[in-house]
Each structure stands twice: as C-alpha cells, then as structure tokens.
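Here is what each chain is made of, one letter per residue.
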Amino acid sequence: MTSDGGIKIPSRLPLLLSHEGVLLPGSTVRFSVDSPRNMQLVSQRLLRGTSLKSTIIGVIPNTRDPEHDTDDLPTLHKIGTAGIAVQVVGSNWPKPHYSLLITGLCRFRVSSLLKERPFVLAEVEQLDKLDQYTTPATEGAAAEDEELGELSKKFYQAAVQLLGMLDMSVPVVAKFRRLLDSLPRETLPDVVASMIRTSNKEKLQVLDAVSLEERFKKALPMLTKQIEGLKLLQKTRKMNPDNEKRVLSVRKGGVFPGRQFNLDGEDEEEDGDDAVALEKKVHGANMPDAALRVCLKELKRLKKMPQSMPEYALTRNYLDLMVELPWSKSTKDCLDIRAARTLLDNDHYAMDKLKRRVLEYLAVRQLKTSLKGPILCFVGPPGVGKTSVGRSIARTLGREFHRIALGGVCDQSDIRGHRRTYVGSMPGRIINGLKTVGVNNPVFLLDEVDKLGKSLQGDPAAALLEVLDPEQNHSFTDHYLNVAFDLSQVLFIATANTTATIPPALLDRMEVLQVPGYTQEERVEIAHRHLIPNQLEQHGLTPQQLHIPQETTQDIISRYTREAGVRSLERKIGAICRAVAVKVAEGHRVTKTEDLIPESPTQQGGKTLKNLQKEMQSMLASMLCFYVIILSWFKMNNWQCKYQLPTCNGLQHQCTH
Ligand SMILES: Nc1ncnc2c1ncn2[C@@H]1O[C@H](COP(=O)(O)OP(=O)(O)O)[C@@H](O)[C@H]1O
Ligand SMILES: [Mg+2]
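Being a predicted model, the structure only gives us computed values, none of them experimental. (Residues numbered from 1 in each chain as written. Chains lettered and ligands numbered in written order. Predicted model: local features only at pLDDT ≥ 70, side-chain atom pairs only at ≥ 80, totals over all residues. Heavy atoms only, no water.)

Draft legend 1. Focus on the overall build of the protein chain. For the protein chain, the helix and strand inventory stands at 23 helices and 15 strands. Out of the 657 residues in the protein chain, the part that is buried amounts to 41%. Considering only intrachain contacts with a sequence separation of at least 6, the fraction spanning at least 24 residues in the protein chain is 71%. Taken as a whole, the protein chain presents about 36,600 Å² of accessible surface, with 54% of it coming from carbon and sulfur. (Helix = DSSP H or I, 4+ residues; strand = E, 2+ residues; numbered from the N terminus. Buried < 20%, exposed > 50% of the residue type's maximum accessible area, 1.4 Å probe, protein only. Contact = heavy atoms within 4.5 Å. Areas by Shrake-Rupley, 256 points an atom, 1.4 Å probe, with all protein chains shown as cover.)

Draft legend 2. Spotlight on the site of ligand 1. In the vicinity of ligand 1 there are 17 residues, among which Tyr349, Gly383, Lys386, Thr387 and Arg567 approach most closely. For ligand 1, an oxygen atom lies 2.8 Å from a polar atom in the backbone of Gly383. Contact distances for ligand 1 include 2.6 Å between an oxygen atom and a side-chain N or O atom of Thr387. Elements supplying a minimum of two residues to the shell around ligand 1: helix 14 (386-397), helix 19 (520-538) and helix 21 (567-586). Per-element tally for the shell around ligand 1: the top contributor is helix 14, with 3 residues. Domain assignment of the residues forming the shell around ligand 1 places at least three in each of domain 4 (337-514) and domain 5 (520-607). (Near = heavy atom within 4 Å. Polar contact = N/O pair within 3.5 Å; in protein donor to acceptor, adjacent residues only side chain to side chain. Domains from an automatic or database assignment.)

Draft legend 3. Spatial organisation of the side chain of His97. Looking at the element boundaries, His97 is found in strand 7 (residues 97-115). Among the polar contacts listed, one links the side chain of His97 to the backbone oxygen of Lys95, at a separation of 3.0 Å. The contact partners of His97, leaving out residues within four places of it in the chain, are Ser32, Val33, Asp34, Met39, Val89, Gly90 and Ser91.

Draft legend 4. Geometry of the packing of helix 19 against helix 20 (residues 550-560). Axis separation between helix 19 and helix 20 bottoms out at 10 Å; the angle between their running directions is 120°. Classified by the angle between their axes, helix 19 and helix 20 sit oblique to one another. Here helix 19 and helix 20 pass one another in a crossing that is right-handed. Contacts from Gln520, Arg523, Val524, Ala527 and His528 in helix 19 reach Gln550, Thr553, Gln554, Ile557 and Ser558 in helix 20. A class-by-class count of the residues in the contact of helix 19 with helix 20 yields 3 nonpolar, 6 polar and 1 charged. (Axes fitted to C-alpha atoms, helices over the stretch in contact; angles between N-to-C directions. Parallel < 35°, antiparallel > 145°, perpendicular 65-115°, else oblique. Left-handed = near helix turned anticlockwise from the far one by under 90°. Nonpolar A, V, L, I, M, F, W, Y, C, P; charged D, E, K, R; others polar.)

Draft legend 5. Spatial organisation of the nonpolar core. Of all hydrophobic cores here, the largest spans 49 residues; its most connected members are Trp327, Leu481 and Phe492. Where this core is concerned, the elements lending two or more residues are helix 9 (266-284), helix 10 (289-304), helix 11 (310-324), strand 9 (375-379), helix 16 (429-437), strand 11 (443-447), helix 17 (460-468) and strand 14 (491-496). Counting only domains with at least three residues in this core, you end up with domain 3 (262-324) and domain 4 (337-514). Counting residues in each nonpolar core, the second largest holds 42 residues, with Leu354, Ile493, Ile557 and Ile576 among its members. (Core = buried A, V, L, I, M, F, W, Y, C linked by side-chain atoms within 4.5 Å.)

Draft legend 6. Summary view of unusual backbone geometry. Residues Arg117 and Pro118 are joined by a peptide bond in cis, for which omega reads -5°. For Pro118, the position within the fold is in the loop between strand 7 and strand 8 (120-126). The backbone of Asn286 shows a phi angle near 60°, a positive value even though the residue is not glycine. Counting through the fold element by element, Asn286 comes out in the loop between helix 9 and helix 10. Given the relative accessible area of 55%, Asn286 is considered exposed. Not every positive phi belongs to a glycine, and Met351 is a case in point at roughly 55°.

Draft legend 7. Main features of the packing of aromatic side chains. A complete count under the given rule lists 4 aromatic pairs for this structure. Ring geometry for Trp327 versus Phe485: centroids 4.9 Å apart, planes at 40°, classification tilted. Taken together, the residues Trp327 in the loop between helix 11 and helix 12 (337-347) and Phe485 in strand 13 (residues 484-485) connect sequence positions 158 residues apart. Here Trp327 and Phe485 have matching classes, each one buried. The positively charged end of Lys115 is found above the aromatic ring belonging to Phe119, 5.2 Å away from the centroid. The ring of Tyr318 has Arg420 lying over it, and the distance from NZ or CZ to the ring centre is 3.7 Å. (Phe/Tyr/Trp six-rings, centres within 6.5 Å; stacked < 30°, edge-to-face > 60°. Lys NZ or Arg CZ within 6 Å of the ring centre and 35° of its normal.)

Draft legend 8. Main features of the sheet that holds strand 10 (residues 401-405). Ordered in space as 10-11-14-9-15, the 5 strands form an open sheet in which the pairing is parallel. Edge positions in the sheet fall to strand 10 and strand 15 (510-514), since each of these pairs with one other strand and no more. Between one strand axis and the next, the sheet turns by 25° as a mean value, whatever way the strands run. Examined bridge by bridge, strand 9 and strand 14 share 4 bridges and lie parallel to one another. (Pairing = 2+ DSSP bridges.)

Draft legend 9. Summary view of the environment of Ser425. Among the structural elements, Ser425 can be located in the loop between helix 15 (413-416) and helix 16. Ser425 sits in the buried class, given a relative accessible area of 15%. Remark: the alpha-carbon pair of Ser425 and His479, spanning 54 residues in sequence, is separated by 9.5 Å. Excluding its chain neighbours within four sequence positions, the residues that come into contact with Ser425 are His418, Arg419, Arg420 and Tyr480. Within the structure, Ser425 has its side chain in polar contact with the backbone oxygen of Tyr422 (distance 3.4 Å).

Draft legend 10. Layout of a nonpolar patch on the surface. A cluster of nonpolar side chains, Met619, Leu620 and Met623, forms an exposed patch at the surface whose accessible area comes to about 330 Å². Within the element layout of this structure, Met619 appears in helix 22 (residues 601-636). (Patch = residues over 30% accessible without salt bridge, like charges linked within 9 Å, V, L, I, M, F, W, Y side chains within 5 Å. Salt bridge = Lys/Arg side-chain N within 4 Å of Asp/Glu carboxyl O.)

Draft legend 11. Main features of a negative patch on the surface. On the surface, a cluster of negative charge is made up of Glu67, Asp69, Asp71, Asp72 and Glu116. As for its position among the elements, Glu67 is in the loop between strand 5 (56-60) and strand 6 (79-91). Given the relative accessible area of 59%, Glu67 is considered exposed. (Lys, Arg positive; Asp, Glu negative; His and termini not counted. Charge placed at Lys NZ, Arg CZ, Asp CG, Glu CD.)

Draft legend 12. Quick look at helix 20. Buried within helix 20 are the following residues: Thr552, Thr553, Ile556 and Ile557. Projected down its long axis, helix 20 carries its buried residues within an arc of 140°, all on one side. The inward-facing, buried residues of helix 20 abut helix 19 and helix 21. (Arc of directions from axis to C-beta.)

Scope: geometric values only; no functional claims are made or implied.
Written out as structure tokens, the structure reads:
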C-alpha cells in the first residue's frame, strides 16, 4: 500500500451510498444503514473481512441507495471519501439495520463502476495524499507557495479566534484546541468544516474542492460566519450579564455556538443560579484548603449533572453540609472565675470537689487559651446532677451546649458517619452536633459513656478514642465528610454511672471525677434551694400557695425516698405540687402540707391497730355487760336451773331404760 506518494488506498473500493451526512477526511461520522445494497456491503464485506484492507470502504455522499435491490442505480456523486469502518453495530428493531462509525481518510474520484450487486464496487482514483504527517501546523506551510501559505495562515488565525471565544472546559473545545496545534495545516479545512456547525451542502462544497487552495477558500467563509454569529450572540447576551457565562459554556456534546441558542430552559436557569449561589457559599464558608478543594471538585461535578440524577441530590446534600459546618465560627469565651464560681454555686448545691476541679480547669483555660484540655468524666449514681452540671459549665463559659446520648449506641457509624457510597448515608453525631450548634467550640456532653454497646457494626467506643484524644482530635475525619475537621476547640465532658464498663483505652483518656450521693442534710438543702422552687414554677404555683417546711422535707426524704440522687425526691415534690394545684384550681386555700401528704404505710398500720384496740375494748365492754345481765338473770331464776337439772336426770333415766 505504500509508495513514494505516501499511503495508498485500495484501487477497488466497495461504495456506501449515503444521503444523510457528508464524511470529510479527518472526521468521524455515524451512518445508519438499512437499504439492500448498503446492508449487503456491511454483511458480506465488513463483517466477513478479516484484514484491515477489508474495513476500508468508499462513502459516496448525496446519493440515495434505491429501495429495492433490482432498481437501477442513480447517478453517483463523483467524489467520495474513503474511510475505515471503526465500529459496526447491528440491530433488528424497529427493522433490521446497521449503524456504522466511519473515520474519513482521503478523497477519491469514481473512475468506473465494476459491479452493482450485491453491493456497489468501483475502480477509484485517490485524490488526497495520505502522508504520515509529522510536521505540526505552525511550521507545515513553510515550503508552500505564497498564496496558499497566506490563506492557510489566515485560516489558522480565524480558528484560533473562534477558540478564544469558547469555554475551554468543554471537552469538544479542548479537543479542537489540541487538534489545531498538532495537525498539518492542509488538513485544517476538512477538520474544521466537520467540527463547526455547517450544513451538508457546505460540507459537500468542501469535499468537492479538490485543490487545497480552493478548499481553504471554501472553508474560510464558513469559519468567519461562525465567528460573526458568536460575536452577535455574545452582544445580545451581554444585556443580561447572568447569562454571559452560559453563552460561553457549551454543554457537553454540544458542537459549537449554534447549539447555544437552545439553552433557554427554565430549569437550566434555576440550576445555574443555584450552583452560582452554592459556589459563593462554598467560598464564604471559610473552610481549610483541603475541604475547599474537595468542595470545588464536587461542585464542578454537580454542575455537569442533570438534576434528575439520584447522585445530584447526594452531592447537593453533601455540599450543603460542608457549607453549614462551622469551620471557623466560634463563640468568645467569657472567663471570669469569680463569676463562674457564683454561677456554679447558684445552679448546684454541694458537689464541692467537682466544682473545685471545674474551676481549676476554667482558671487554666483563662491563663492559656489554647489548652488541650483533659476530658472530664463525671461518675456517680443516677440523679446526682452529672448532666445538669455539664449544662451549667457551658453556661458559665458562655458556650453552646450539646448533649450526645450514647446509651445503647452500638454502631460505630453513629459516631463517625457512613461512607457516602452507602444508600442513606449520614454524618455521625459529632459532626451533626457541630452543625446544630453552629460553632466549633461548644461543650459536648457525652452522656452515659458506660452504656455504649458493641455489635457487628463495629465498636463505637473505638471510634470515640480518636474524638477524645486531645493529641489527635484536631484532624477528626468523619466518614461522610471525608475531610478532617478540627475538634480541638470542643470541650468534651463525659458522664457515667460506673467506670467498670467503660473500655480501659477510653477511660485512660479521661479524668474521672467521682460524684458521690448526697447526705440527708444536703438533700434537704437541694430540695429547698432548687427542687421546690423549680417544681412550683413548673406547676404554676406561688410560694404563698404552697409552703413545705423543712421537717416535712426531711420526712419525705427519710420515709418516701431511698436513693443516692434527688430524682425521686423531685418527683415526690412534684406529686405534692399537683395535689395542691387541684385544690387551688377548685378554689381552696391550702397552706398546710400535712393534710396533703399521703399516709405512710407505718402510719396506716398504727391507725388500724388503734382502731382495732378501740373496737376490741368496746366489744369487751359490751360482752362484760351481757355477762353481768346473764348472771343476775340466773340468780333471779334459780329454781329454773334446779328444775332443769331433774329433766336432765329424767332423760338420763329414760335413757337407762
Ligand atoms: N447538687 C444539686 N443541686 C441542684 N440540683 C441538683 C443537684 N443534683 C441534682 N440536681 C437535680 O437533679 C435532677 C437530676 O439530675 P441529672 O443531672 O439529670 O442527674 P444525672 O446524674 O443522672 O445525670 C436535675 O433536675 C438536677 O437539677
Ligand atoms: Mg444524666
């Protein structure tokens, strides 16, 4: 096939008669084939052949293959393009047909027809040189004659100008740019004419232009027309600056400017605005570089996705979360130790050891703001105020408070989130909590760490290890986010009922503060300082409507509650408040509590015993009376007794008989 003139195509070529598209050398076009001769060409030549030569066919444009095999051939267009069939796809629906993908190689002229059936075979004359080009576009034309050199230069510049007006991020534009720099200039008219928006008639003119000079002359006006059209389009769009961006961004698959007129859908408009707003938010979220890079990448993907795609919503949610997270938003600590002491004292009675340690912690924090703090863990029986002390520490510091209940959590993704590849994936509780509070230095109360479970889904305690280690938690990576979030500003406080069930590694990261149960006196104080006022307020009562004396509280504690904390005491006080509320609502004035306190079991027992005694006494008294009456009656009727006795004897007598 090779001779001094470069690569030669076979001199006999089977011809594909096409009516719909024009194949130019250097471009690839898909042809649909369903007429008899063309079908035969595919099945007998392309599908049977095994050599590369057998895949080369000639495409004759502007000539329709007759519907029936027997019909005479119409006159063929004289010039065609030899091409390689790079893909053949067959289908039986809706009728048998093939789809051919053909890449054009060079022009040829039909010299004579050799046969018409089963497919057209012709003797052809190659018109273009098929060299293995090595010279790039910029130097290629040096040896050419003057006028052609001038023309090709003009053409190249026009092509560059067109490129300058298009968005390089669109794949087809980028491809165009690459081709422009790497192809020899003599191939440019064919390649450019096939890429820009031209009609079949115009393409046919380029195909028919056998001499290179003529070809440049034919293709150049098409290119300039395209540039003018684009300029006009940009001018009209400039009136509405929002749209300008879209003018330049051709959607993928869109071939150059003509398509851009079709981008006026409502959805597209909203979509674009949405993406722009989101992009603004991403830049405004003040996130670290790594996170910003991920966000911009996702945003780029989002822009290319149609809204109907399921992944669109996932990516959108992800970006929304990233934007909402408080990457650099924080509250300012108000650290006044004296004020903190009074606040803590006001909120909670007793708990001296715990309060002292908390104050120490706050004092150190005041001296050194970037304290990588120990994680405090309050351990004690239920109801001793562990949770509520955590809340009051947050208030003392002027920080946001968030409680994470860990009781019964047995899935590690609860802490660290799911990977985004899972359906229904979510971020973990830590990241969720940060999103809720909206600042990066809240007080997180990890409630009931001792009740963490373990399951097949992993060990949540292990996931907490990273969260609670001050040395590591500045780069905590949630599976859902997949970028590090700095937790070092978060103040973690944990609570537990016992240290026995806390995994040793976790316990090791925490400073345990025992919160013992309260004494009787402390409980009385707590009741009067905190619980009773609280309950009164909750039930809408005033202190005038209900006064509970100290002794009564003591009685309630000693007789009705048996606990380390004060929860059930609080409930009992609540019960009293409810009873009073009923009386108040009925219109009674109640100030004495004794009437309202339900009787204790021992009192009930005492009462029944007394009653029994009284009843027995009265019974005994009445029995005594009865006895005396009977006796006196017997005395009065002594004879009757005597009389009765003989009757008995008489009976005995009768019996003996
Ligand atoms: N020392 C205290 N001073 C005031 N109220 C307290 C004190 N200890 C407990 N309480 C109250 O007891 C109730 C239960 O406390 P909570 O913190 O929920 O207990 P737990 O230790 O089980 O987390 C809360 O209403 C809290 O205000
Ligand atoms: Mg609690």
